[in-house]
Amino acid sequence: MKYLLTTIGMCIALAIGAQDYNVAHNGGKLILEGVDNAKITSYDGSEVVFSAKIERDEKKSERAKGLKPINSLGLDDNSGIGLSVKKDGDNLKVTQIGECMCDDDEGYTIKLPKSMGVDYSHSTYDSDRLMIEGVTKEIVVSTNYTNVKLKDVTGPMSVKTVYGDIEATFSSVEQNSSVSLNSVYGFVDAAIPAASKAKLSLKTPYGQIYTDFDIDVASTNGMRELSDKKISGTINSGGVDFMIKSGYENIYLRKK
Amino acid sequence: MNKEEKIIDYLQGEMTYEERSKFERSLTSDPVLKAELEEYRLLFDEIDQMEISRPSLTLKSNFDYMLESEMIRQDSKSNVMTLKTWRSAAAVAAILVIGFLVGQNWTQKSVINQQSQALVADMKRNMKSESVTGRIEAVQVSQQFAKPENEVLNTLIETLKNDSSPNVRLAAAEALDRYAAEEKVRTALVRQLSTEKDPFVLIALINTLSEQKVEKAIDPLQELTTAEDVAKFIKDEAHLGLIKIEKI
C-alpha cells in the first residue's frame with residue numbers, strides 16, 4: 001500500500017512540477033502586478049522565494065518549444081515560472097506574463113523578508129483570492145475582483161477592492177501610519193486586539209455596521225452625530241487613522 | 001496647555017471628545033473661565049465678519065493733499081498751538097488707538113492662522129511622502145479644518161489629479177466629498193470623471209457627484225454609460241448616478 005501511494009505521489013509530482021525561483025532582496029517593496037491567487041507570507045530570510053506548481057499544457061509547450069511568452073510591455077518570463085522579476089530602484093517588481101502557468105487551486109506562493117512591504121494590484125477576473133500573512137511593513141492592495149485575506153498584520157496599510165470581500169486579523173495596530181480597508185460590493189471584516197488605539201471612520205451607505213467595541217463618537221459643539229451608516233470616533237482614547245468603508249455590504253469590527 | 005490655548009482649541013473644535021467634555025464641565029464650575037470664553041467667542045465672531053477694507057486711491061491722495069496744505073499753513077502761521085492743530089492731534093491719536101485695537105485683533109487672528117498654517121504645512125509635507133499610507137494620512141488631516149481653506153482644497157484637488165496611487169486618489173476623492181458644495185471642488189470632480197481610470201475612484205466620484213446632484217456631471221456620466229472600455233459595474237453606477245441627478 002505504502003509503495004502504491006509513493007508511486008502515485010511520484011507520478012503526480014512528475015505531472016505537476018513544483019518549481020521555485022529565488023531572488024536576494026532586502027527592504028523596499030515587493031510590487032506585484034496581475035499575479036494570480038497569490039499567497040504572500042513574510043519570513044526570517046534575505047531572499048524573496050516564488051514557488052508554483054507548474055501545470056504544463058503538453059500541446060502548447062510542443063509548439064512553443066524554444067520560445068518565451070512575453071507581454072505587451074515587452075517583459076519576459078525570466079523566472080521560468082511565468083513571472084517577470086526585476087529590480088526597480090529599492091523595490092522588486094514582479095509581473096505575471098500571460099495566463100497563469102500555475103495550478104488554479106494553488107496559485108503562486110511567495111515568501112518575502114520581514115524588511116519588505118507589499119504593493120499588490122490585480123484588475124482582471126482571473127484571481128479570486130489574495131492572502132497576505134505576517135507582513136508588518138506597509139501593505140498596499142488594489143484589486144477589482146479579488147477577495148483579500150490578511151492574517152497577523154499590523155498596518156500601515158491601504159486595501160481597496162471593487163468586488164472582493166476583505167477579511168483582516170491584526171496582531172496589533174501599528175501607530176505610525178494609517179490603515180484603510182475599502183470595498184464597493186464586498187463586506188469588510190476586521191479583527192483587532194481589544195486594547196488597540198485608533199481614530200475610527202466607518203462608513204457603509206447601504207450596509208450595516210457591527211462591532212463589540214465601545215466607540216467614543218466625535219462631537220461638534222456638544223452635539224454628537226449618530227448614524228448607523230457613518231461613524232467617526234475613537235477607541236481606547238484615539239490613535240492612528242483607521243478607516244473602513246463598504247459601499248453596499250456590512251462592516252464588522254471585532255475584538256480579537 | 002494654558003487657559004487661552006484651551007479656549008481657542010475649544011472654539012475651533014479641535015478638542016477630542018474627552019477634552020471637550022472635561023472643558024465643558026469646568027465651564028459650569030468656573031464663571032471667570034466662562035466669561036473669558038464668551039469674550040473670545042465674540043472676538044472670533046468679529047474676526048469672521050471682519051473684512052479688510054483698503055483705503056481707496058482717491059482717499060489716499062486727498063489725505064496727502066490735506067497733509068501738504070496743512071504743512072504749508074503751519075509754516076506760514078508760526079508754531080502756535082491753535083485749537084485746530086489740537087483737533088488734528090486728537091484725530092491722529094484716535095487713529096493710533098484704532099490702529100492699535102485693530103492690530104490686537106490681527107495678532108489674535110494670526111494665532112489662529114498660525115495654527116491652521118502649521119496644519120497645512122504638515123499636510124503638504126506628508127503629501128510628498130514615499131509611502132501610500134503616509135499620503136493617505138496627509139489627506140485625512142484635511143478633516144481637521146472646520147471650514148474649507150483654499151490651500152487645503154487645492155492640495156486635495158492636486159492629489160486627486162496627480163497622485164500615482166489609486167488608493168491615495170480614492171482618499172482624496174472621499175475627503176473632497178465634504179466640500180462638494182464648493183464650485184471649485186465640483187469642477188475638479190467632474191473633470192476627474194473623464195480622466196480617471198481606476199474603477200473604485202470612479203465609483204466614489206460618481207457617488208459624490210450624484211448625491212450632490214451636480215448637473216455638470218450629466219454629460220460625462222452619459223459618456224461613461226456608452227464607453228466601450230469601461231467595466232459593466234461602472235456603467236451601472238453611472239446609470240444610477242444619472243437617475244439620482246435627474247430624479248427620474
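The preceding data block contains the structure.
One structure accompanies this document, and this report is about it. (Residues numbered from 1 in each chain as written. Chains lettered and ligands numbered in written order. Predicted model: local features only at pLDDT ≥ 70, side-chain atom pairs only at ≥ 80, totals over all residues. Heavy atoms only, no water.)

## A few points about the overall build of chain B
- Within chain B, the secondary structure is distributed over twelve helices and zero strands.
- Along chain B, helices (α) and strands (β) appear in the sequence α-α-α-α-α-α-α-α-α-α-α-α when read from the amino end.
- Taking all 248 residues of chain B together, 37% fall into the buried category.
- Excluding contacts between residues fewer than 6 apart, the proportion of contacts in chain B whose partners are at least 24 apart in sequence is 63%.
- In the structure as shown, chain B presents an accessible area of about 15,400 Å², 56% of it carried by carbon and sulfur atoms. (Helix = DSSP H or I, 4+ residues; strand = E, 2+ residues; numbered from the N terminus. Buried < 20%, exposed > 50% of the residue type's maximum accessible area, 1.4 Å probe, protein only. Contact = heavy atoms within 4.5 Å. Areas by Shrake-Rupley, 256 points an atom, 1.4 Å probe, with all protein chains shown as cover.)

## With respect to the overall build of chain A
- A count of helices and strands for chain A gives two helices and 23 strands.
- Of all 256 residues assigned to chain A, the portion counted as buried reaches 48%.
- Long-range pairs, those at least 24 residues apart, make up 57% of the contacts in chain A between residues at least 6 apart in sequence.

## Re the interface of chain B and chain A
- If you look at the interface, chain B gives 23 residues, while chain A gives 35 residues.
- With both sides pooled, the region where chain B packs onto chain A buries about 2,400 Å², and carbon together with sulfur makes up 50% of that total.
- Of the charged contacts in the structure, one is a salt bridge between Lys245(A) and Glu174(B), with a shortest N-O distance of 2.9 Å.
- Between the two partners, chain B and chain A, sit twelve residue pairs in polar contact (both at pLDDT 80 or more).
- At the level of elements, helix H2 (17-29), helix H6 (132-141), helix H8 (166-176), helix H10 (199-211) and helix H12 (232-246) of chain B are the ones that each hand at least two residues to the side of chain B that touches chain A. (Buried area = accessible area lost by both parts, 1.4 Å probe. Salt bridge = Lys/Arg side-chain N within 4 Å of Asp/Glu carboxyl O. Polar contact = N/O pair within 3.5 Å; in protein donor to acceptor, adjacent residues only side chain to side chain.)

## So, the sheet that holds strand S16 (residues 198-203) of chain A
- With mixed pairing, eleven strands are arranged side by side in an open sheet as S5-S6-S2-S8-S10-S12-S14-S22-S16-S21-S18 (chain A). Strands with a single pairing partner mark the edges of an open sheet, and in this sheet they are strand S5 (83-88) and strand S18 (216-217) of chain A.
- Where S16(A) meets strand S22 (residues 240-246) of chain A, six bridges bridge the pair, whose relative direction is parallel. Within S22(A), the position partnered with Lys203(A) by the bridge is Lys245(A).
- Packed onto the sheet, H6(B) meets strand S10 (139-143), strand S12 (157-161), strand S14 (179-183) and S22 of chain A and runs at close to 90° relative to S22(A).
- Helix-sheet contacts for H8(B) involve S10, S12, S14 and S22 of chain A, and the interaxial angle to S12(A) is about 85°. (Pairing = 2+ DSSP bridges. Axes fitted to C-alpha atoms, helices over the stretch in contact; angles between N-to-C directions.)

## Focus: the packing of aromatic side chains
Residue and element names in this part refer to chain A.
- Scanning the entire structure with this criterion turns up 13 aromatic pairs over all chains.
- Centre to centre, the rings of Tyr 145 and Tyr 163 are 5.5 Å apart; their planes meet at 5°, and the pair counts as stacked. Of the two residues, Tyr 145 sits in the loop between S10 and strand S11 (147-153) while Tyr 163 sits in the loop between S12 and strand S13 (166-170), which places them 18 residues apart along the sequence.
- The partly exposed category is assigned to Tyr 163, whose relative accessible area is 36%. (Phe/Tyr/Trp six-rings, centres within 6.5 Å; stacked < 30°, edge-to-face > 60°.)

## A short note on the pattern of salt bridges
Residue and element names in this part refer to chain B.
- Applying the stated criterion across every chain, the model contains 18 salt bridges over all chains.
- Measuring nitrogen to oxygen at the nearest pair gives 2.9 Å for the salt bridge that ties Lys 216 to Glu 183. Taken together, the residues span a long stretch of sequence, with Lys 216 in the loop between H10 and helix H11 (218-226) and Glu 183 in helix H9 (residues 183-195) at a distance of 33 residues.
- Judged by its relative accessible area of 42%, Lys 216 falls in the partly exposed class.
- The closest approach of N and O atoms between Glu 211 and Lys 244, which form a salt bridge, is 3.8 Å. Of the two residues, Glu 211 sits in helix H10 while Lys 244 sits in helix H12, which places them 33 residues apart along the sequence.

## Re the pairing of S14(A)
All names here are of chain A.
- Among the five residues in S14, five count as buried, and that is most of the element.
- By the alternation rule, side chains of S14 split into Val 179, Leu 181 and Ser 183 and Ser 180 and Asn 182, which are all buried.
- Examined bridge by bridge, S12 and S14 share five bridges and lie parallel to one another. Bridging from a neighbouring strand, Thr 161 pairs with Ser 183 of S14.
- Inspection of the sheet shows S14 paired to S22 by five bridges, in the parallel sense. Bridged to Ser 180 within S22 is Met 243.

## Remarks on a nonpolar patch on the surface
- Taken together, the side chains of Val97(B), Phe100(B) and Leu101(B) make up a nonpolar region of the molecular surface, amounting to roughly 310 Å² of accessible area.
- Inspection of the secondary structure puts Leu101(B) in helix H5 (residues 83-127). (Patch = residues over 30% accessible without salt bridge, like charges linked within 9 Å, V, L, I, M, F, W, Y side chains within 5 Å.)

## Details of the pairing of S10(A)
Residue and element names in this part refer to chain A.
- Here S10 lies mainly inside the structure; five of its five residues are buried.
- A two-sided burial pattern is seen for S10, the buried positions comprising Ile 139, Val 141 and Thr 143 on one face and Val 140 and Ser 142 on the other.
- Direction of pairing for strand S8 (residues 117-122) relative to S10: parallel, over a ladder of five bridges. Counterpart to Ser 121 in the pairing with S10 is Ser 142.
- Bridge analysis of S10 against S12 gives five bridges, and the strand direction is parallel. Within the sheet, the bridge partner assigned to Val 140 lies in S12 and is Ser 158.

## Observations concerning the nonpolar core
- Formed by 56 residues in total, the largest nonpolar core has its most connected members in Leu30(A), Leu32(A), Ile40(A), Phe50(A), Leu181(A) and Phe242(A).
- The residues that make up this core include at least three from each of domain 1 (18-116) and domain 2 (154-256) of chain A.
- Non-local contacts of Phe242(A), meaning those with residues more than four positions away in its chain, are made with Phe170(A), Val173(A), Val179(A), Ile192(A), Ala198(A), Lys199(A), Leu200(A), Ser201(A) and Leu253(A).
- Ile136(B), Val168(B), Ala171(B) and Ile203(B) belong to the second-largest nonpolar core, a separate cluster that totals 52 residues. (Core = buried A, V, L, I, M, F, W, Y, C linked by side-chain atoms within 4.5 Å. Domains from an automatic or database assignment.)

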